[in-house]
Amino acid sequence: VTVSCRECDRCTRGVPQQCRSLAKYGHERVHRGWELSGGFATHVQLRVGTDIVRVSEEVPSRVLAPASCATATAVAALDAASARVDLDGALVLVTGAGLIGITVAAMAVEAGAEVIVSDPDASRRAFARGLGAVAVDPAARSTSPERLDTVAYPRFSVAGAGTDPRQFTWLPDRRIALTVVFEA
């Protein structure tokens, strides 16, 4: 997705994503000297320093297309979370079940996390359920079983703390790994 200079102060400090001359494939305006910068073109001009990963011709493009952006973003988010909290048994809340959000949900379920996905679109919620996540509707009315506070309350409340799901008494030992918010 990106290429950095690997020489500026930010790159040498280990944050190449903040490079002073960072360029993003598929995100840059077409300009003289880098006209072929898109991600879905038949040809792309690679800038010096671009990492290249060879993949088999057998891997379908529908699998590869999101790999350099959506999947990379999801992996980075989960790597950051798992550096602090073991995902196995932790709770991950994903707000927005677009490509990145649903990828995070799938990977977190695979890692053993309990995943709650919030999205207003019923088909996206159904897809998230198919991955093993619990799906909630951010626009659900207070009586709906798909309301976030209704779903979250039994997972976090202390026994006998009350019956109002809007008044959480958090379990001190419940690990919250990550709250991921992506546009739906």
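Residues numbered from 1 in each chain as written. Predicted model: local features only at pLDDT ≥ 70, side-chain atom pairs only at ≥ 80, totals over all residues. Heavy atoms only, no water.

A.B. asks: Hey, could you run me through helix α4 (residues 99-110) in this one?
C.D. replies: Given 3.6 residues per helical turn, the α-helix brings residues three or four places apart onto the same face. Between its first and last C-alpha, α4 extends 17 Å over 12 residues, near the 16 Å set by a 1.5 Å rise per residue. Regarding α4, the residues found buried are Gly101, Ile102, Thr103, Val104, Ala105 and Ala108. Backbone geometry just downstream of α4 places Gly112 in the positive-phi region, at approximately 95°. (Helix = DSSP H or I, 4+ residues; strand = E, 2+ residues; numbered from the N terminus. Expected span 1.5 Å × (residues − 1). Buried < 20%, exposed > 50% of the residue type's maximum accessible area, 1.4 Å probe, protein only.)

A.B. asks: Teacher, can you tell me more about the layout of surface pockets here?
C.D. replies: Vacant regions in the atomic arrangement are exposed by a probe of water-molecule size rolled over the atoms. The space that makes up the largest pocket amounts to roughly 1,500 Å³. Forming the boundary of the largest pocket are 35 residues, of which Val1, Tyr25, Asp51, Ala67 and Ser68 lie nearest the centre. Broken down by secondary-structure element, the contributors of at least two residues to the lining of the largest pocket are β1 (2-3), α2 (61-64) and α3 (67-82). Top contributing element to the lining of the largest pocket by residue count: α3, with six residues. Across the lining of the largest pocket, the residue classes break down as 18 nonpolar, 14 polar and three charged. (1 Å grid on protein atoms, 1.4 Å probe; cavity = no way out; pocket = protein on both sides within 12 Å on 5 of 7 lines; lining within 4 Å. Points joined across faces, edges and corners; volume = space filled by probe spheres on them. Nonpolar A, V, L, I, M, F, W, Y, C, P; charged D, E, K, R; others polar.)

A.B. asks: Even after reading the chapter, I still don't get the pattern of salt bridges, so can you show me in this structure?
C.D. replies: Pairs may arise between side chains of opposite charge once their charged atoms sit close together. Counting across every chain of the model gives six salt bridges. A salt bridge links Asp9 to Arg20; its shortest N-O distance comes to 2.7 Å. Within this pair, whereas Asp9 is found in helix α1 (residues 9-12), its partner Arg20 is found in the loop between α1 and β2 (23-24), the two being separated by 11 residues in sequence. For Asp137, the salt bridge goes to Arg125, with nearest N and O atoms at 3.8 Å. Separated by 12 residues along the polypeptide, Asp137 in the loop between β5 (134-136) and α6 (148-156) and Arg125 in helix α5 (residues 122-130) bring together distant segments of the chain. What emerges from the salt-bridge pattern is a single network uniting Arg125, Arg129, Asp137 and Glu146. (Salt bridge = Lys/Arg side-chain N within 4 Å of Asp/Glu carboxyl O.)

A.B. asks: Which parts of the structure should I look at to understand the packing of aromatic side chains?
C.D. replies: What characterises a pair of aromatic rings is the spacing of the ring centres plus the angle enclosed by the ring planes. Under the criterion given, the structure shown has one aromatic pair. Look at Tyr25 and Trp34: their rings are 5.1 Å apart centre to centre, the planes differ by 70°, and that puts the pair in the edge-to-face class. Residues Tyr25 and Trp34 agree in their burial class; the two are buried. Over the ring of Trp34 we find Arg47, and its NZ or CZ is 4.9 Å from the ring centre. (Phe/Tyr/Trp six-rings, centres within 6.5 Å; stacked < 30°, edge-to-face > 60°. Lys NZ or Arg CZ within 6 Å of the ring centre and 35° of its normal.)

A.B. asks: I'm lost on the environment of Val104 in this one. Help?
C.D. replies: Its place among the elements puts Val104 in helix α4. When the C-alpha atoms of Val104 and Ala70 are compared, they prove to be 9.1 Å apart, with 34 residues separating the residues in sequence.

A.B. asks: Could you clarify how one ought to interpret the side chain of Asp137 in this entry?
C.D. replies: Residue Asp137 is classed as buried on the basis of its relative accessible area, which comes to 16%. Within the structure, Asp137 has its side chain in polar contact with the backbone nitrogen of Ala139 (distance 2.9 Å). Among residues more than four places away in sequence, those in contact with Asp137 are Asp119, Pro120, Arg125, Glu146 and Arg147. (Polar contact = N/O pair within 3.5 Å; in protein donor to acceptor, adjacent residues only side chain to side chain. Contact = heavy atoms within 4.5 Å.)

A.B. asks: What is the right way to look at the pairing of strand β4 (residues 114-118) in this model?
C.D. replies: In regular strands, side chains alternate between the two faces of the sheet. Taken across its five residues, β4 has four buried, putting it largely inside the fold. Relative to β4, strand β3 (residues 91-95) runs parallel, the two being bridged by five bridges. Residue pairing in the sheet places Val92 in a bridge with Val115 of β4. Handedness of the β3-α4-β4 crossover: right-handed. As judged from the three bridges shared by β4 and β5, these two strands associate in the parallel manner. Counted as the bridge partner of Val117 is Ala135 from β5. Assessed by its sense of winding, the connection that carries the chain from β4 through α5 to β5 is right-handed. (Pairing = 2+ DSSP bridges. Right-handed = clockwise from strand over helix to strand, strands pointing away.)

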